[in-house]
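Descriptive structure summary
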Amino acid sequence: LQYNQAYYIFGRAIANRFCTKAQTYQQPDASFNKELSILLTNIRKELVTLLPQLQEISNYLFDERGKQIRPMLVYLMAKACNYHTDPENKSTLTNSQSAIGVISEMIHTASLIHDDVIDAAHIRRGKPTINSIWGQRKAILTGDYILSRATIALSKLRNERVVKVLSQVLDDLVQGEFMQLGSKEDRGERFNHYIKKTFRKTASLMACSCQAVAILSDPLNQFLHDIAFNFGMHFGISFQLIDDLLDFIASDDIMGKPTSTDLQLGLATAPVLYASDQFPELDSMIVRRFTHSGDVQRAREIVDQSDGMNQTKRLAYFHRDEAIRFISQLGESIERNALIQLSDDIVTRQK
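Residues numbered from 1 in each chain as written. Predicted model: local features only at pLDDT ≥ 70, side-chain atom pairs only at ≥ 80, totals over all residues. Heavy atoms only, no water.

Overview of the confidence of the model for the chain
Per-residue confidence for the chain gives a mean pLDDT of 87; residues scoring 70 or more make up 87%. Per-element mean pLDDT across the chain ranges from 34 in helix 1 (residues 5-14) up to 98 in helix 16 (residues 308-327). Counting contacts from residues 1-28, a segment whose pLDDT is below 50, to residues more than four positions away or on other chains yields 65 contacts. (pLDDT = per-residue confidence, 0-100. Helix = DSSP H or I, 4+ residues; strand = E, 2+ residues; numbered from the N terminus. Contact = heavy atoms within 4.5 Å.)

What follows is the structure, encoded as structure tokens:
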């Protein structure tokens, strides 16, 4: 990913529109209910173990409280690709494509467990975190176990290209986490660092999962693979930008986890980085990761006074528009249209 300031100016210019109606995720069509209803069952099958406590802990976060946005994205993309390549197929979902939804949700959840350990978080999806109940060691091992079971499920597909694509996600997750632990002193490099980190920690899983089901739909259609990847990439970046925005404006009850935590963790996200363009006072705080007394409160005040949150929303809309531009190149189907609607929903959500 090569980003520069002109790119963001362009993005803000063409995406300067806002939606005031708060939305939450809606299941796009009735046929989708079936796939999601068996998702958790299939995940629990993958996590079967003879160790009772490991069984209990590994199943803890796989409940109805999650958005399940990643499997939703995967299943809709799979059906849209299948219809594009064979309209007579009527958008059916293959077993291998269904497995990608399971694998992506397992990888995502394992990363959340590890994130909660790193952040010493106490609440996730409206309930206590695994590390706060069972301790850090068991939380880390549980995350490792879920990842190991996801890789076993991936190997069962016996598709070298798909294995390679989804293995990249694990590499990106680790690199993204390391990038988050550091910061750039140069203001020009800071935003590029943030976007690259956002791709690796969030968008890579969405992009690569979408690409994987496209490969399973038509192994030789590189055009299709590229569309799926680019849609997932822009969708994922837009999704995370809104997440970072909601950390400033949403309540704990709505989000199901503590808000205003990024600054406390020393993280400068898009609202702060944009605000620093107007208020250079933020630069020294960003470099020292808001560790001085009063830094967090002062940074929050500056963000509220600046145009940082509006600029973040505009950039999220730009990536939303790019996601829609890519997915619109597929043949029209219920699932393709649902992905367009979902791209709209993620930038107007309130949780």
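Concerning the packing of aromatic side chains
The tally for this structure, following the rule as stated, stands at five aromatic pairs. Ring centres of Phe191 and Tyr274 lie 4.8 Å apart, and the angle between their planes is 55°; on these two criteria the pair is classed as tilted. Of this pair, Phe191 sits in helix 9 (residues 187-217) while Tyr274 sits in helix 13 (residues 270-278), and the two are 83 residues apart along the sequence. Feature note: the residues Phe191, Tyr194 and Tyr274 constitute an aromatic cluster, connected by ring pairs. Between the NZ or CZ atom of Lys127 and the centre of the ring of Tyr60, over which it lies, the distance is 4.0 Å. Note that Arg325 overlies the ring of Phe326, its terminal NZ or CZ placed 4.7 Å from the centroid. (Phe/Tyr/Trp six-rings, centres within 6.5 Å; stacked < 30°, edge-to-face > 60°. Lys NZ or Arg CZ within 6 Å of the ring centre and 35° of its normal.)

A closer look at the environment of Gln341
By the secondary structure assignment, Gln341 is in helix 17 (residues 334-348). Distance in space between the C-alpha atoms of Gln341 and Ile324 is 9.0 Å, their sequence separation being 17 residues. At a separation of 2.9 Å, a polar atom in the side chain of Gln341 contacts the side chain of Asp345. (Polar contact = N/O pair within 3.5 Å; in protein donor to acceptor, adjacent residues only side chain to side chain.)

Section: empty space enclosed by the protein
To find the voids left in a structure, one rolls a probe of water-molecule size over its atoms. Under the defined criterion, the tally for this structure stands at two cavities of 30 Å³ or more. For the lining of the largest cavity, the leading source of residues is helix 9, giving four residues. In terms of residue class, the lining of the largest cavity is made up of six nonpolar, six polar and four charged. Reported here for the second largest cavity is a volume of approximately 40 Å³. (1 Å grid on protein atoms, 1.4 Å probe; cavity = no way out; pocket = protein on both sides within 12 Å on 5 of 7 lines; lining within 4 Å. Points joined across faces, edges and corners; volume = space filled by probe spheres on them. Nonpolar A, V, L, I, M, F, W, Y, C, P; charged D, E, K, R; others polar.)

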